[in-house]
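Fold and contact review
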Amino acid sequence: MYNGLSLDQAPPISAVMRFFLTVPVFGILLSLTVFLNPQSVLTPAHPLSLAVIHMMVLGVITMAMLGALFQMQSVLGGRPIPAASGNALIIHAFLTIGILSLSGAFAFGGAAMFIVAAVFLGSSILYTANLILPLLFGGVTHDTLRGMRLALISLSVTAIFGIVMASSYANSSFSTMHDAIRTSHYSLGLIGWIGTLIIAVAFQVIEMFYVTTPYSPWCKRNAFRMIAASLFLKVVWLFFALPFVWIFDLVIGALLVGFVVTTAKRLQLRKRRVSDVSIWFWGAGIILLLISLMAYGAFEVSSYEPLVSISLIAFALFALAIILGMMGKIVPFLVWFHLSSAGIMDAPIMSNIIPHTRAKTLFSLFLLTSFSLLGGVFVLELFVVGAIAAAGMFALLFFNLINALKVYRFSLTHGLRFEQI
Amino acid sequence: MILLDTRELDHPVPLEMAVNAFKKLSGDEIVHMIHRREPIPLFEIIVKNGGRYLSVMEREDLWHIYLTRSSAVKLEHDHV
């Protein structure tokens, strides 16, 4: 039975790796900013705090997730992204310029930089959505694709709100709707884009990579509907200043707790208990998500400000944990897959492309970063330690990625071709 | 016929095993891989290296994949 899929659908390795290689660069840049200005970064709504937040969610998290989307769409969507190399080049360039402009605009001020950021970030994100979203409709459909749709739609709306806010910052003129726009912007960005895409990926990879029992079909079918409905209603409530908006946070929080519990259960009860650093990252990630949710819930009750910082830092670290864990799986796979496709039949086995010791060191640095940054909310010196650990972590990630590419290039040139066997 | 039952193995071991088995094939030999999912990336590797494949779903979590390098051998599934 021929399944009707195109057999030349994987994007070139460069299309994905250009996004992945940029992740540690922004990571080091934001670590340096935190190291030099820990107090400012910890002050809510401080320009440097906003610069660091956007370097993290755009430069690290979104950069990695868009790279992964280029790969995922071709495998899961069944319809390849057209002209993947050229489109990746354009999107990556615009995104990078946009993130640098936005961070610079927050850090150094200047109306023009906000406009440049809005143009470049808005166009890169909306172009991405316009490119990939149509491919997610009309062909094969499964729960992960539904999650990818919701994530991309949320990212687009987040970007539109972001453009409006950048224009407000550029003109130093804020409408009466500013608070509603800002809350909608970060709710859609954090939950609709980041959270949803991670859940969609989990539905696919947890059972595939780790041979676990599948998530319940009911959960998979309804999770994205409930997130979409809650986010939509939350935005409506915010714009019309209706009471009890926290109800939607409660629904989303309950869904995320459900995700944490079901994922933890599957990882705990997996059939083969092979030591794999990516599982450690998933474990750390879901614990950090739980910390984030608990801190947010506690803040809603107590209004104790540091809890907001804890919640935001833990959420960012949750996303980073999943990204680092998945990069450790995706990058060796990409190297092996593209070498094997090119007829290199002595391609190195995947577990040798990023050695276990280096993967474990990366995880240790991630743990040190997490403890230090979360503790740093209460003890400033720890925040500085966290910045140093994060810089080391991102430097090692960069080293791992560069080495994987070196292995790829060397094998492509010197490897034994299939026809030589 | 080389039989590979990879249903209980973590990703990416099944893919590596299938490609290793494929490159050792000679003449009209066939690899019969039993897997819990359809290994779509594997097909691209096989076709790009002059091979052919047949993918048959028995259940949503039970797939039979047949790989060969021979252009003469007829790929068919007789286990369902």
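You'll find the structure just up there.
Here goes a summary of the coordinates provided.

Remarks on the overall build of chain B
- Regarding its fold elements, chain B presents two helices and four strands.
- When the elements of chain B are put in sequence order from the N terminus, they spell out β-α-β-α-β-β.
- Over its C-alpha atoms chain B spans a radius of gyration of 11 Å, differing by no more than 12% from the 12 Å that the globule rule assigns to 80 residues.
- On the principal axes, the C-alpha backbone points of chain B span a range of 30 × 25 × 20 Å.
- Counting across all 80 residues of chain B, residues that qualify as buried make up 31%.
- Considering only contacts within chain B whose residues lie at least 6 apart along the sequence, 54% involve residues at least 24 apart.

Focus on unusual backbone geometry
- Here the bond from H11(B) into P12(B) is cis, since omega is 10°, no more than 30 degrees from zero.
- Even without being a glycine, S172(A) presents a positive backbone phi close to 50°.
- With respect to the secondary-structure elements, S172(A) resides in the loop between helix 6 (143-171) and helix 7 (178-210).
- Despite not being glycine, A241(A) shows a phi value in the positive range, around 50°.
- Within the secondary structure, A241(A) is located in the loop between helix 8 (217-239) and helix 9 (246-268).
- Residue classification places A241(A) among the exposed positions, given that 11 C-beta atoms sit within 10 Å.

Examining the packing of helix 7 of chain A against helix 8 of chain A
Residue and element names in this part refer to chain A.
- At a closest axis distance of 10 Å, the pairing of helix 7 and helix 8 adopts a crossing angle of 175°. One element, helix 7, and the other, helix 8, form an angle in the roughly antiparallel class. The segment helix 7 lies against helix 8, with A180, T183, S184, S187, L188, I191, G192, T196, I199 and F203 engaging K220, A223, F224, I227, L231, K234, V235, L238 and F239.

Section: the nonpolar core
Residue and element names in this part refer to chain A.
- Core analysis: the largest hydrophobic core is formed by 159 residues, its most contacted members being M55, A64, A117, A319 and A321.
- Top contributing element to this core by residue count: helix 11 (residues 306-341), with 23 residues.
- Other than its neighbours up to four places away in sequence, A64 contacts F19, F20, V23, I323 and M327.

Structural notes on helix 10 (residues 277-302) of chain A
- Spanning 26 residues, helix 10 of chain A covers 37 Å between terminal C-alpha atoms, matching the ideal 38 Å at 1.5 Å per step.
- Looking one or two places after helix 10 of chain A, you find S303(A), whose phi comes out positive at around 60°.

Some thoughts on the pairing of strand 4 (residues 62-68) of chain B
All names here are of chain B.
- Pairing of strand 2 (residues 30-35) with strand 4, which is carried by six bridges, proceeds in the antiparallel orientation. Along strand 4, the bridge assignment pairs I34 with H64.
- With seven bridges joining them, strand 3 (residues 52-59) and strand 4 adopt antiparallel strand pairing. Along strand 4, the bridge assignment pairs R52 with T68.
- Joining the antiparallel neighbours strand 3 and strand 4 is a turn of two residues.

Looking at the interface of chain A and chain B
- Contacts between the two partners involve 24 residues from chain A, matched on the other side by 20 residues from chain B.
- The set of elements that each furnish at least two residues to the side of chain A that touches chain B consists of helix 7 and helix 11 of chain A.
- Grouping the amino acids of the side of chain A that touches chain B by side-chain chemistry returns 17 nonpolar, four polar and three charged.

Topic: the environment of I191(A)
Residues and elements named next belong to chain A.
- In this fold, I191 is placed in helix 7.
- Through-space distance from the C-alpha of I191 to that of V301 is 21 Å; in sequence the pair is 110 residues apart.
- Every residue in contact with I191, bar those within four places of it in the chain, is listed here: T196, I227, L231 and I252.

Things to note about the packing of helix 3 (residues 47-77) of chain A against helix 4 (residues 84-108) of chain A
Residues and elements named next belong to chain A.
- For the pair helix 3 and helix 4, interaxial distance at closest approach is 8 Å and the crossing angle is 170°. Taken together, the axes of helix 3 and helix 4 are roughly antiparallel relative to one another. Mapping the contact onto sequence places P47, L48, L50, A51, H54, M55, L58, G59, M63, L66 and F70 in helix 3 and A84, A88, I91, L95, I99, L102, S103, F106 and A107 in helix 4.
- Partitioning the contact of helix 3 with helix 4 into residue classes produces 17 nonpolar, three polar and no charged.

Thresholds applied
Residues numbered from 1 in each chain as written. Chains lettered and ligands numbered in written order. Predicted model: local features only at pLDDT ≥ 70, side-chain atom pairs only at ≥ 80, totals over all residues. Helix = DSSP H or I, 4+ residues; strand = E, 2+ residues; numbered from the N terminus. Rg over C-alpha atoms; globule rule 2.2 N^0.38 Å. Buried ≥ 20, exposed ≤ 12 C-beta atoms within 10 Å, placed from the backbone. Contact = placed C-beta atoms within 7 Å. Axes fitted to C-alpha atoms, helices over the stretch in contact; angles between N-to-C directions. Parallel < 35°, antiparallel > 145°, perpendicular 65-115°, else oblique. Core = buried A, V, L, I, M, F, W, Y, C linked by C-beta atoms within 7 Å. Expected span 1.5 Å × (residues − 1). Pairing = 2+ DSSP bridges. Nonpolar A, V, L, I, M, F, W, Y, C, P; charged D, E, K, R; others polar.

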